[in-house]
Amino acid sequence: MNKKWLTDPSYAPLAFAHRGLHGPVTGHVENSLSAFLAANDANVGIELDVLLSKDNQAMVIHEMNLHRLTGLDADIGDFTAEELMQINLSGVQDVILPLSHVLAAIEPKFPLLVEIKGDQLKPQVIATASHQALKDYKGPVAIMSFYPDIITWFKDHAPDIARGLVATSRNDGDLPASYFSEDGQIKNAKNLDVDFIAYDIRTLPNKVSAYCREKSLPLFTWTVRTQAEQDRARQYTNGPIFEILPDD
């Protein structure tokens, strides 16, 4: 797969709709096919998340518990992919879809970022499942993760797919303390030979953004929700992973 789109001027400025174009303005639910098609219609890239089903399929959803998006107090790992495809997202006709189904439906000319979640502690399994869905995709695509083991899998087994490190220095207690060290993040970026970093806008600029600028390493930022954050993203990064602004 071609990685040149990360720095290709014909794709600039890069911007990715965070979990698709969702929220009150569009009426679409995050990580739904409708939200992704709306991003296509707006001529912007897409960022989405994947977790594993019971039968180890890469499913497009942000968190393991389904309650927030479906009203069902259960874990995604309790259901097979076929069963998950019968569960509606709250208030809409969209259902939880496998990554392969989403890839088949979206427009492949727009850049795509796939965040592979490591919450289920099956790095090799979810990396393999994600690669199975992605291997024949023709559009500009990259995987990214907080979890070095997932990125390492792609480095070793699918080096042709662009890979990025997701990072923040704001410790919310959900990850090991070492994940929040800027020095550690720079070390990981070097060891993993990443093609880009996706960093928390709330902590930019910092040592990591300075490193990216020094090394000409593409830097994206999440989640951009205000004009001030847009301005900061424009100044310090190659592009935002954004949500619709209140006045849009």
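Scroll up for the structure.
Keep in mind that this is a model prediction, so the values were computed, not measured.

Here the focus is the pattern of salt bridges. Oppositely charged side chains are able to pair whenever their charged atoms sit close together. A full pass over the atoms with the stated rule returns 11 salt bridges. Notably, a salt bridge pairs E30 with R19, separated by 3.0 Å at the nearest N-O pair. Here E30, found in the loop between β1 (16-18) and α1 (33-41), pairs with R19, found in the loop between β1 and α1; they are 11 residues apart in sequence, far enough to count as distant. Residue E30 shares its accessibility class with R19, and that shared class is buried. Among the salt bridges present, the one from D200 reaches R202, with a minimum N-O distance of 2.7 Å. Residue R202 is classed as partly exposed on the basis of its relative accessible area, which comes to 47%. Ionic contacts of the salt-bridge type, sharing partners, join the residues R19, E30, D49, E63 and R68 into one network.

Right, let's talk about the layout of surface pockets for a bit. Where empty space is left in the structure can be found by rolling a water-sized probe over the atoms. In this structure, the largest pocket spans a volume of roughly 640 Å³. H62, K117, F146, D172 and W222 are, among the 29 residues lining the largest pocket, the residues nearest its centre. Counting residues per element, the ones that place at least two in the lining of the largest pocket are β2 (45-52), β4 (112-116), β5 (141-145) and β8 (219-224). Looking at side-chain class alone, the lining of the largest pocket contains 10 nonpolar, six polar and 13 charged residues. Its volume calculated, the second largest pocket comes out at about 180 Å³. Considering the residues around the second largest pocket, the lining is formed by P13, L14, A15, Q230, A233, R234, T237, N238, G239, P240 and F242. If you list the elements that add at least two residues to the lining of the second largest pocket, you get α9 (227-236) and β9 (239-242).

Rules and cut-offs
Residues numbered from 1 in each chain as written. Predicted model: local features only at pLDDT ≥ 70, side-chain atom pairs only at ≥ 80, totals over all residues. Heavy atoms only, no water. Salt bridge = Lys/Arg side-chain N within 4 Å of Asp/Glu carboxyl O. Helix = DSSP H or I, 4+ residues; strand = E, 2+ residues; numbered from the N terminus. Buried < 20%, exposed > 50% of the residue type's maximum accessible area, 1.4 Å probe, protein only. 1 Å grid on protein atoms, 1.4 Å probe; cavity = no way out; pocket = protein on both sides within 12 Å on 5 of 7 lines; lining within 4 Å. Points joined across faces, edges and corners; volume = space filled by probe spheres on them. Nonpolar A, V, L, I, M, F, W, Y, C, P; charged D, E, K, R; others polar.

No statement about biological role is implied by the geometric values presented.
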